[in-house]
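Structural overview
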Amino acid sequence: MGERSALLEGLRAYRLIAGMWMRSSMTYRTSFVVTVVGNLLVTGLDFVGILLMFSQVDSLGGWSLPEIAFLYGLSVTAFGIADLVLGSMDVLGARMRDGSFDILLVRPAPVLAQVGADRFALRRLGRITQGAVVLGWALVSVDVDWSAPKALLVPVMVVSGAAIFSAVFVAGAAFQIFAQDAAEVQNAFTYGGTTLLQYPPSVFGKDLVRGVTFMLPLAFVNWVPAAYVLGRPYPIELPRWAVFASPLVAVACCVLAGMAWRVGLRSYRSTGS
Amino acid sequence: MGSGRLYLAVAAGGFRRYATYRAATVAGVFTNTAFGVILVYTYLALWDEKPHLGGYDQAQAVTYVWLGQCLYATLAIQGGGAEKDLMERIRTGEIAVDLYRPADLQLWWLAGDVGRALFQMLGRGVVPFTFGAVFFPMALPTSVTPWAAFVVTLLLAAVVSFALRYLVALSVFWLMDGMGVNQVLMITGIFFSGMVLPLNAFPGLLGDIVRVLPWAAQIQMPADVLMGETDPLGAFAFQAAWAVALLAAGRLLQSAATRRVVVQGG
Amino acid sequence: MTALDGVDGADGGFIELDGVEKVFDVRKKTGFMKRERRQVRAVDSISFRVGRGEMVGYIGPNGAGKSTTIKMLTGILTPSAGRLRVAGIDPSRERTRLAHRIGVVFGQRTTLWWDLPLVDSYRLMHRMYRIPDARYRENLGRLVELLDLGDLLDVPVRQLSLGQRMRGDIAAALLHDPEVLYLDEPTIGLDVVSKSKVREFLRELNTERGTTVLLTTHDLQDIEQLCKRVMVIDHGSLMYDGPLAGLHEAGESERTLVVDLERELPPIDAPAPARVVRVDGPRQWLAFPAAQSAAPLVARIAAEYPLVDLSVREPDIEAVIAKMYAEQAERAIS
């Protein structure tokens, strides 16, 4: 099977399994409605926090509220998409412990697609919705001299950001193969990552910014391109083309995460644990 | 007294149960530390902009952050303590077994949750707090008295936290599904406990309201007692009042629920 | 023996194992931070052939290597050494291609969708395995009839009894017409009626459709009623491979007294015909004729040995294996 057809097979399997989970969640209709609303509220609390801060101050790290809302909207929407698509991968460890992971391995579909679609939950649209609403508000209120490249960067950031966060989820899943009980570590990178990116880079220590730019390149979800769009200086020196590098970084992250997943799966199949 | 020993044993059981999840504990320490670092920087920026916000200086704001990370799992701020098991037992009907146990239902669960809290504190809370103290400027007392008062206020916080969650969990007797309840617990817990922002930095009327709600007993009170921002006796009284009120409400609801179980036959 | 009936691979097996090994690195906690690494040979150089259309029982005590073997045969685990082929396919290399040709039922783990009606799980299989529509309808109709699932199709799986769920799982594993069906403890926890339904179905599947069946079980009756051929595995090695008859005799005529002593002691000096068949630390297994009462034997041991606990076992797989050890030992002596 070629890489391409494996990808198509994976998408097909993903769709099938996600469909089953959607139907499952609809069997508890009230719960479904409650959790959609709840998801919207829970994920919105971060923004409420930011609003509370701005009830006391006019800027944070030198950035205005619309500017921070711009960062917030991009970070939360991108993360929300990744969370919707792959957000349940943290059940992988539990599936390995109870042995139900083996069932996925005897099915004629790529394992990653099956794991990704596991516990697919439409309620996660709540996060995307509130992220998109904040982003929409930010786009109309932020003081930017819009040009074609700047306008184009907005959708590019959302898509590349979603891909970067997806890569983090996949890498986290691969990590769980080696440390099944330590699923929570990936929260530091996923939920922690999206929280970090909601605030301007100028707030954080330079070493942290460097780490998030060069080592775990979450900065390309929004910080680097958004700083350009908003005409704000980025705390560390970067070449000019870096502001357009998000898609490349996303591809690189996905490739690396895919490799990590393969190594993890191979290890599982040779050690059984 | 015999029954005292019983609850002590239940608490020890709660402690031990969580102590077995070693990898999960390490993972939790890592995550709390990461979140602490992120929050500290944003708070520093905020206090840079507005010094003495909520009566705190920067070191106090930093201390508040790390205390919040330390108590996050300890007080099950967004759920995940004894109430999770309780809800599951109510949902499956196994709660009927507990009702026939020769022990007080509420005390039984309280003991287990206090044991859990103690482990989470030692296993998950102390390391991020120490990390914070080493790498960031914190406002920690140097005399014994505030620390002693801090221990008392923590204990009271644990009871209030349990009483709140117990009350919410009992609602599953009527709702038969814990999903929505869990959501409510999570939202209220994060927001009203001051995980997002210290309650004393909340503006205007909203601030006045959140500071008298029971969630204020969880992080804000211990933080203020530790940093000498409030009169310890007043804090104890506030926490104890909420603890008594919530435990009593829990008892009322519990007896209503028990009657329901008996009437319906489980 | 029918082992060579259905010629498939180059040298005669539909399932072929040659010197297959599986070694795990186990890290054991020996202290708070200390860990000890050691290698565990879960499967130690196993070779066998199963012909197309055979129904074989694969038995052994817990931890003997049964599940590991099944996991290698289904492509879940990669063997550490040796050669393994199923329908000419190397399972570890071509997992998905193999998946279309095998069916797997894990006794204690359902593959069905918990909150959805049973038929929804079948629709998923239909599409995931790309079963042609006509074939799917035909297979589903047949399986529903044979496994008596008609009234259950619209019932959410969580409401099914264990027996109903097992039948549902078996149907799910067969919708895509696999050539071989692996069953891991298919009758565990089932009531008598469900057990016999499952067995009856498997017999029919094997004789009518020629599906190759490999089943692991703890229940000797499964084997008695279904399999002509039995393989016994213990400590990762194949102890026995042959017709049921040989094993049957070995197991049935004797019961086993399992004795836990205070400490490790030399084999208990029991009055004939009772004799020690196996010693493992302070635990000893004594075989005695099934017809004879255990009481005198128990009394004698209790009087002469530091007894902690004991239990009598009816003839079962453990007993059969214990007996085999005894025979091996006898052979070694003579």
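Predicted, not measured: the structure shown is a model, and the values here were computed from it.

1. Quick look at the overall build of chain C
Helices and strands together make up the secondary structure of chain C, namely 10 helices and 13 strands. Taken over 334 residues, chain C has a buried fraction of 52%. Restricting the contact set of chain C to residue pairs at least 6 apart, pairs at least 24 apart contribute 69%. Carbon and sulfur atoms provide 48% of the accessible area of chain C, an area that totals close to 15200 Å².

2. Some remarks on unusual backbone geometry
All names here are of chain C. Even without a glycine there, the phi angle at Ala87 is positive, about 50°. By the secondary structure assignment, Ala87 is in the loop between strand S4 (81-86) and helix H2 (95-99). Take Ala87: its relative accessible area is 12%, and that puts it in the buried class. The backbone of Asp148 sits at a positive phi, close to 60°, despite the residue not being glycine. Its place among the elements puts Asp148 in the loop between helix H4 (133-146) and helix H5 (162-174). We classify Asp148 as partly exposed; its relative accessible area is 44%.

3. Let's talk about the sheet that holds strand S7 (residues 212-217) of chain C
Residue and element names in this part refer to chain C. The 6 strands lie next to each other as S5-S6-S7-S3-S8-S9, forming an open sheet whose pairing is mixed. Looking at strand neighbours, the two that pair on one side only are strand S5 (102-106) and strand S9 (237-243), the edges of this open sheet. Here the strands of the sheet are splayed against their neighbours by 15° on average, with no regard to which way each runs. As judged from the 5 bridges shared by strand S6 (residues 180-184) and S7, these two strands associate in the parallel manner.

4. Quick word on the interface of chain A and chain B
On the chain B side, the residues contacting the 36 residues of chain A number 33 residues. Across the interface of chain A and chain B, roughly 2900 Å² is buried in total on both sides, 76% from carbon and sulfur atoms. When residues of chain A are sorted by the area they lose upon contact with chain B, Leu45, Leu52 and Gln56 of chain A head the list and together hold 21% of the total. For Glu184 of chain A, the salt bridge is made with Arg124 of chain B, and the minimal N-O distance between the two is 3.0 Å. Summed over the shared surface of chain A and chain B, the number is 5 residue pairs in polar contact (both at pLDDT 80 or more). Secondary-structure elements contributing two or more residues to the side of chain A that touches chain B are helix H2 (29-54), helix H9 (185-189) and helix H10 (191-196) of chain A. Broken down by element, the residue count for the side of chain A that touches chain B peaks at 12 residues, all from H2 of chain A. For the side of chain A that touches chain B, the class distribution of residues is 19 nonpolar, 14 polar and 3 charged.

5. Quick word on the side chain of Gln69 of chain B
Among the structural elements, Gln69 of chain B can be located in helix H3 (residues 58-74). Each residue touching Gln69 of chain B, except ones within four places of it in the same chain, is listed here: Asn32, Phe35, Gly36, Leu39 and Met195 of chain B.

6. Some points on a negative patch on the surface
All names here are of chain C. On the surface, a cluster of negative charge is made up of Glu145, Glu200, Glu204 and Glu208. The leading source of residues in the negative patch is helix H6 (residues 192-209), at 3 residues. When you line up the elements, Glu208 lands in helix H6. Here Glu208 falls in the exposed class, since its relative accessible area comes to 62%.

Parameters and conventions
Residues numbered from 1 in each chain as written. Chains lettered and ligands numbered in written order. Predicted model: local features only at pLDDT ≥ 70, side-chain atom pairs only at ≥ 80, totals over all residues. Heavy atoms only, no water. Helix = DSSP H or I, 4+ residues; strand = E, 2+ residues; numbered from the N terminus. Buried < 20%, exposed > 50% of the residue type's maximum accessible area, 1.4 Å probe, protein only. Contact = heavy atoms within 4.5 Å. Areas by Shrake-Rupley, 256 points an atom, 1.4 Å probe, with all protein chains shown as cover. Pairing = 2+ DSSP bridges. Axes fitted to C-alpha atoms, helices over the stretch in contact; angles between N-to-C directions. Buried area = accessible area lost by both parts, 1.4 Å probe. Salt bridge = Lys/Arg side-chain N within 4 Å of Asp/Glu carboxyl O. Polar contact = N/O pair within 3.5 Å; in protein donor to acceptor, adjacent residues only side chain to side chain. Nonpolar A, V, L, I, M, F, W, Y, C, P; charged D, E, K, R; others polar. Patch = residues over 30% accessible without salt bridge, like charges linked within 9 Å, V, L, I, M, F, W, Y side chains within 5 Å. Lys, Arg positive; Asp, Glu negative; His and termini not counted. Charge placed at Lys NZ, Arg CZ, Asp CG, Glu CD.

Purely geometric stuff here, so don't read any function into it on its own.
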